[in-house]
Amino acid sequence: MKKYQSIFLAAFAFSFVACEPEFENPVTNESYSRGEADFTTYVALGNSLTAGYMDGTMYRSGQRYSFPNLLAKQFAVVGGGSFTQPSFNDDVNDVGGLLFMGQPAAATRLILNMSTSGPENLTGTPTIEISDLQAKAYNNMGVPGAKSFHLLASGYGNLANMATGTANPYFVRHATSPNTTVLSDAMSLNPTFFTNWIGANDVLAYALSGGTGENQEGNTDPSTYSSNDITDPQVFEAAYKTIINTLTSNGAKGVVATIPDITSIPHFTTVPYNPLTAEVLGGEAVVTQLNTSLLGPIKQILTAIGEGDRIQLYSTTSGNPLLITDKTLTDVSATLTAALIANNYPAETAAVLGQVFGRARHATRSDLFVLGTSGIIGTASALPSPLDKLGVTFPLEDKYVLIPSEQQQIKTATDKFNDIIWSVSGSKKLAIADMNAIMRYLTTGIRLSDGQWYTADYFKGTENMNKVLFSLDGVHPNPRGYAFVANEIVKVINEHYKSNLPLLVPGNYPGVTIKASN
Amino acid sequence: MKKILSISLLSLIAANSFAGGYRISLQGQRQLAMGHTGVGIIGQNAESLFFNPASGTFLKSKWSFSAGATALFSNVKFQNSIYNWSNSSENMGTPFYFYGNYQATDRFSVGLAVYTPFGSSVEWQQDWPGSHLVNSIDLQAIFIQPTVSYKITDNISIGAGLIYVNGGVTFNRNLSRSMIDDYGNRSDVTIDASGVSAWGYNVGVTARLDEYVTLGVNYRSQIDMKVEGGEAKFHDMPGFLNYADGKFDATMPLPAELTIGLSYQINEKWLAAFDYNYTFWKAYDNLVIEFDNPAIGTSVNPRNYKSSGTLRGGLQFAPSEKFSARVGGYYDISPVQDGYFAPETPRNDAIAGTAGFSYKITPKLDVDFSATALHFKQTKNSYDHYKEDGSYLSFGGDYRSSAYSLGLGLSYNF
């Protein structure tokens, strides 16, 4: 009896040995590797896209979703060191914006107000003071607004230069000394690995201004540039080469990124050229009225001088184009005024109409509008009725629209800058994240391995709230979008440096901030 | 074996697991130790009433009672090497049972039992990568079954029971993969239902072919647990989407099961048994939750289980009246189909080993011990039917589970 009992007790004990489930190949940090790259000290160089700018400003809770910060977490798995970013602890209410000597210098962040279903600046006062100097080099050396040559500009972070507009408020806050450069602060950390995404502002600042800046091609003195100008390609190339040569001078490896086309960015592709339906205009009667009393007569006169294509009569059944000013058109104000007077218009009225329509035309599908246009269509111009509706009876200023000739300059410059990025980085055997191509594919849709389709659309409401990648400024990604960028860079690093880094799931990151009211 | 007419007041508790846990059968320490066979076993103890309601008339004593409890430990590990995810869930439950049978005459018996099936619960770390599917789930149910058993001949008995189920569930998941409140906390919802009652039935036949072989057949009906007016509570919601706490309705089917099996009395000391269960899991195609708030509407969660079987075998060695020992095992096929692997029911095909023994303390009272260990195959699987903004998303990785139990019971016969 006892023999049997002890056998069965032993059998019991045995059955509980090793009852913890074990994987054949457990996933641990040792499952991953850095390959040929060394992530010990990672420094990110660039502009707002690198800094973690979103919704029109830098703000505290947004900054932690910058793509370099997300990348650093993946690097940490394979020996990457700590990653610091400029402090925004003074953004106590998490509203973003800027103060200069106590005065508001930049607006608070954009949020989506459900009750008005539109993006608005969050109610609140900025507390981020430009003159609170940190004087510290951080791993994230992304400076919002920086162009290529700015990274080499001494005094770009000098508080005293704010008055002359030659300093950058964000760099002022953390420049280690008044006359240091962004690049030398970056190098002071002795990077073993870097990302460099610079050049967007060299052309996109012009685009965002609606093409009101100058194309400085041929002018190799950047000190004469204004902030909305397109950089000369030789200036860009010289700056880019210096940056890359310096970054790699101690053997550091890295990833560079190309500049996206504006046709990939919702800031320029969201407002349609023809949003003026009969309903928007105020009804069929209004459409007929506009045609008979304003557009019809103007078109007739223009047709007589061979410029009839400038103006279209409005339709009651389809969306009608916005009215814009096109500075490349011949100014026909005098001809218009004379013809109107000949048709018995009072002299003053004829003069005003002539002035307003001298260089006006209706938009075509080849024109692109900046995001802010949607907020001002139909609002009051300086003139009385009937010329009081912006974009309808009063032409939109140049700054709202990119006409084909402006787009062409942007495209030419973007392509030239990207060619320079490819050749300079290729010669140093760096990894290249072709964000230009990736964002182009994004416009038609990219499907990630979790099954989610992502596009370059602007926020549309609850229908795309879980998959929109752009923040409310239409230019910068939201946290999910930055996770998408980080993920694409991880893939490039894995391919180029034969690393094995874990990927990210952009869908697990938050989208735009939506509030019930503001 | 004395033939006595018995009236047993026996409630039978069908402790099959259902949506929300492993299918580990723990309805009695003696039968559990034999691989949880029992549909064809006669003359053992009151536990047999669970396995086949017709067995009541074959019990040896006028009064048979059996009661016990089991500590069940179940663990599951998850990992995904693409994203460097590693998570695990450790759960414990303590199901218990009580059976009583009375032989009213030598042809007729009546019984009653109270039983809680194992508290089937799975708890993952809050906000883990699969949190949009489940954070935690806890399902409990008590099945109460009055049973009658009648010998139509000396060797053939039929039995039937009415099953009353009383149960509840608590289930928490995050609202989506990314939604947060204004402070960065993930938004989540808890649905909670208790006191849900439902009815079913159980019928069986036991046929003793000769002094060696007894055959048994048992059918337990499908039971639909209908939740009406359960509570839905929302936490950490962003200001623009302030769903008020409300109510929900849901139905979960507990599938029907057909068991056939036999016992073979090899000699006076050795008894063998084999059972085959076929569970009609196909009834569980979707988990549908209807929220009373029209802004939320109806949540349809495809599950698409397939009907599946379990093969069981057990052996008992009873060298004397005082002592008996058992060993057994079973092979359980998972009802979960590829692409429908939801982490609230992380189960795969499993092999179990069981063992146990009984010792007679007094002429009427025995102590029963059992132990089981379940070994699940590692699986790489995913749930591909979660929808977000119009796209079907996939969540998955490697899963591996294991479970073991220790049980203690008492049998009292006179």
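Residues numbered from 1 in each chain as written. Chains lettered and ligands numbered in written order. Predicted model: local features only at pLDDT ≥ 70, side-chain atom pairs only at ≥ 80, totals over all residues. Heavy atoms only, no water.

A. Region of interest: the overall build of chain B. Along the backbone of chain B there are two helices and 22 strands. For 414 residues, the compact-globule estimate of 2.2 N^0.38 gives 22 Å, and the C-alpha radius of gyration of chain B, at 23 Å, lies within 12% of that figure. Viewed in the frame of its principal axes, chain B has a C-alpha envelope of about 75 × 40 × 35 Å. When each of the 414 residues of chain B is scored for burial, the buried share is 62%. Considering only residue pairs separated by 6 or more positions, chain B has 69% of its internal contacts joining residues 24 or more positions apart. When the accessible surface of chain B is summed, it comes to about 15,200 Å², and 57% of that surface belongs to carbon and sulfur atoms. If you average the places of the 31 positive and of the 36 negative side-chain charges in chain B, the two averages end up 11 Å apart. (Helix = DSSP H or I, 4+ residues; strand = E, 2+ residues; numbered from the N terminus. Rg over C-alpha atoms; globule rule 2.2 N^0.38 Å. Buried < 20%, exposed > 50% of the residue type's maximum accessible area, 1.4 Å probe, protein only. Contact = heavy atoms within 4.5 Å. Areas by Shrake-Rupley, 256 points an atom, 1.4 Å probe, with all protein chains shown as cover. Lys, Arg positive; Asp, Glu negative; His and termini not counted. Charge placed at Lys NZ, Arg CZ, Asp CG, Glu CD.)

B. Just the overall build of chain A, in detail. Assigned secondary structure in chain A consists of 16 helices and 16 strands. When the backbone C-alpha atoms are referred to their principal axes, chain A occupies close to 125 × 65 × 45 Å. Within chain A, buried positions represent 56% of all 518 residues. Across chain A, contacts joining residues at least 24 apart in sequence account for 74% of those joining residues at least 6 apart. Of the roughly 21,000 Å² that chain A leaves accessible, carbon and sulfur atoms contribute 54%. One way to put it: in chain A the 32 positive side-chain charges average out to a point 8 Å from where the 43 negative ones average out.

C. Structural view of the sheet that holds strand S13 (residues 431-433) of chain A. Residue and element names in this part refer to chain A. With parallel pairing, five strands are arranged side by side in an open sheet as S6-S1-S7-S8-S13. The strands lining the two open edges of the sheet, one partner per strand, are strand S6 (140-142) and S13. Averaged over neighbouring strand pairs, the angle between their axes works out to 15° when direction is ignored. Across five bridges, strand S1 (residues 42-46) lies against strand S7 (residues 193-197) in parallel orientation. Residue pairing in the sheet places Val-43 in a bridge with Phe-194 of S7. Running at roughly 150° to S13, helix H16 (residues 479-496) makes contact with S7, strand S8 (253-257) and S13 of the sheet. (Pairing = 2+ DSSP bridges. Axes fitted to C-alpha atoms, helices over the stretch in contact; angles between N-to-C directions.)

D. Structural detail: the sheet that holds strand S16 (residues 514-515) of chain A. Residue and element names in this part refer to chain A. In spatial order, the strands read S5-S4-S16; together these three strands make up an open sheet with mixed pairing. Across the chains shown, the open sheet's two edge strands, defined by having one partner strand only, are strand S5 (118-121) and S16. Relative to S5, strand S4 (residues 110-113) is paired through four bridges, and the arrangement is antiparallel. Along S5, the bridge assignment pairs Asn-113 with Gly-118.

E. Examining the side chain of A:Asn478 more closely. Residues and elements named next belong to chain A. Among the structural elements, Asn-478 can be located in the loop between strand S15 (453-454) and H16. Classification of Asn-478 by relative accessible area gives buried; the value is 1%. Side-chain polar atoms of Asn-478 contact the backbone nitrogen of Arg-480, separated by 3.0 Å. Setting aside chain neighbours within four positions, we find Asn-478 in contact with Met-54, Val-468, Leu-469, Phe-470, Ser-471, Pro-510, Gly-511 and Val-512. (Polar contact = N/O pair within 3.5 Å; in protein donor to acceptor, adjacent residues only side chain to side chain.)

F. Region of the structure containing helix H12 (residues 333-342) of chain A. Residue and element names in this part refer to chain A. Those residues of H12 that sit buried are Ser-333, Leu-336, Thr-337 and Leu-340. Each buried residue of H12 lies within a common arc of 95° when the element is viewed along its axis, so the set occupies one face. In this structure, H12 carries Ala-334 and Ala-342 as exposed residues pointing more than 90 degrees from its buried face. Where H12 is buried, its residues contact helix H11 (284-304) and helix H13 (347-357). Phi turns positive, to about 70°, at Asn-344, one or two residues after H12. (Arc of directions from axis to C-beta.)

G. Main features of helix H14 (residues 404-427) of chain A. Residue and element names in this part refer to chain A. Its 24 residues give H14 an end-to-end C-alpha distance of 34 Å, which sits within 8% of 34 Å, the value for a rise of 1.5 Å per residue. Those residues of H14 not exposed but buried are Glu-406, Gln-407, Ile-410, Ala-413, Thr-414, Phe-417, Asn-418, Ile-420, Ile-421, Val-424 and Ser-425. Directly after H14, the chain includes Lys-429, whose backbone phi takes a positive value near 55°. (Expected span 1.5 Å × (residues − 1).)

H. Local environment of the interface of chain B and chain A. Each partner contributes to the interface: chain B provides 50 residues, whereas chain A provides 47 residues. Between chain B and chain A, roughly 4,000 Å² of surface is buried when both sides are summed, and carbon and sulfur atoms account for 59% of that area. Three residues stand out in chain B for area buried against chain A, namely B:Arg177, B:Phe240 and B:Asp389, and they jointly supply 19% of the buried area on that side. Put simply, chain B and chain A have three salt bridges between them. Residue A:Asp450 is joined to B:Arg177 by a salt bridge in which the shortest nitrogen-to-oxygen separation is 2.7 Å. For the side of chain B that touches chain A, the secondary structure elements donating two or more residues are strand S1 (63-80), strand S2 (85-93), strand S18 (323-332), strand S19 (350-360), strand S20 (365-376) and strand S22 (391-413) of chain B. Looking at the side of chain B that touches chain A, the element that brings in the most residues is S22(B), giving twelve residues. Considered class by class, the residues forming the side of chain B that touches chain A number 23 nonpolar, 19 polar and eight charged. (Buried area = accessible area lost by both parts, 1.4 Å probe. Salt bridge = Lys/Arg side-chain N within 4 Å of Asp/Glu carboxyl O. Nonpolar A, V, L, I, M, F, W, Y, C, P; charged D, E, K, R; others polar.)

I. Structural view of the confidence of the model for chain B. All names here are of chain B. The predicted model of chain B has a mean per-residue pLDDT of 87, with 93% of residues at 70 or higher. Mean pLDDT in chain B bottoms out at helix H2 (residues 48-51), which sits at 80, and peaks at strand S21 (residues 379-388), which reaches 94. Contacts of residues 1-23 to residues separated by more than four positions or lying in other chains number 151 contacts, the stretch itself having pLDDT below 50. Reported confidence for the predicted complex is 0.89 by ipTM and 0.91 by pTM. (pLDDT = per-residue confidence, 0-100.)

J. Summary view of the packing of aromatic side chains. The full count for this structure, using the stated rule, is 43 aromatic pairs over all chains. Judged by centre distance (5.1 Å) and plane angle (85°), the rings of B:Tyr278 and B:Phe280 are edge-to-face. By the ring-pair criterion, three or more aromatic residues cluster together here, those being B:Phe78, B:Tyr83, B:Trp85, B:Trp124, B:Trp128, B:Phe341, B:Phe395 and B:Tyr399. Seen from the ring of A:Phe88, A:Arg173 lies directly overhead, with NZ or CZ sitting 5.1 Å from the centre. Lying across the ring of B:Tyr330, B:Arg312 places its NZ or CZ 4.4 Å from the centre. (Phe/Tyr/Trp six-rings, centres within 6.5 Å; stacked < 30°, edge-to-face > 60°. Lys NZ or Arg CZ within 6 Å of the ring centre and 35° of its normal.)

K. Focus on the environment of B:Val367. All names here are of chain B. Counting through the fold element by element, Val-367 comes out in strand S20. Along the primary structure Val-367 and Ser-411 are separated by 44 residues, whereas in three dimensions their C-alpha atoms are 6.4 Å apart. Setting aside anything within four residues of it in sequence, one finds Val-367 in contact with Phe-357, Ser-358, Tyr-359, Ile-361, Leu-408, Gly-409 and Leu-410.

L. Fine view of the packing of helix H8 (residues 233-247) of chain A against H14(A). All names here are of chain A. Interhelical geometry of H8 versus H14 gives an angle of 30° and a closest axis separation of 10 Å. In terms of their interaxial angle, H8 and H14 are classed as roughly parallel. H14 is crossed by H8, and the crossing has right-handed handedness. Facing Pro-233, Phe-236, Glu-237, Tyr-240, Lys-241 and Ile-244 of H8, the residues of H14 in contact are Lys-416, Phe-417, Ile-420, Ile-421, Val-424 and Ser-425. Broken down by class, the residue content of the contact of H8 with H14 amounts to eight nonpolar, one polar and three charged. (Parallel < 35°, antiparallel > 145°, perpendicular 65-115°, else oblique. Left-handed = near helix turned anticlockwise from the far one by under 90°.)

M. The arrangement of the pattern of salt bridges in detail. All chains considered together, the criterion is met by 25 salt bridges over all chains. Salt-bridge contacts for A:Glu237 lead to A:Lys241; the nearest nitrogen and oxygen are separated by 3.5 Å. One end of the pair, A:Glu237, and the other, A:Lys241, are both in helix H8, four residues apart, so they sit about a helical turn from each other. Of the charged contacts in the structure, one is a salt bridge between B:Glu257 and B:Arg220, with a shortest N-O distance of 3.8 Å. Placement of the pair is B:Glu257 in strand S13 (residues 257-265) and B:Arg220 in strand S10 (residues 213-220), with a sequence separation of 37 residues.

N. Molecular detail of unusual backbone geometry. For the bond running from A:Ser385 to A:Pro386, omega is 5°, close enough to zero to count as cis. Positive phi outside glycine occurs at A:Asn344, with the angle close to 70°. Residue placement: A:Asn344 occurs in the loop between H12 and H13. What makes A:Asn344 exposed here is its relative accessible area of 72%. Here B:Asp127, not a glycine, exhibits a phi torsion of approximately 70°, which is positive. For B:Asp127, the position within the fold is in the loop between strand S5 (120-123) and strand S6 (136-144).

O. Structural view of a negative patch on the surface. A grouping of B:Glu228, B:Asp249, B:Glu290 and B:Asp292 is seen on the molecular surface, where their side chains present a negatively charged patch. One can find B:Glu228 in strand S11 (residues 223-235). (Patch = residues over 30% accessible without salt bridge, like charges linked within 9 Å, V, L, I, M, F, W, Y side chains within 5 Å.)

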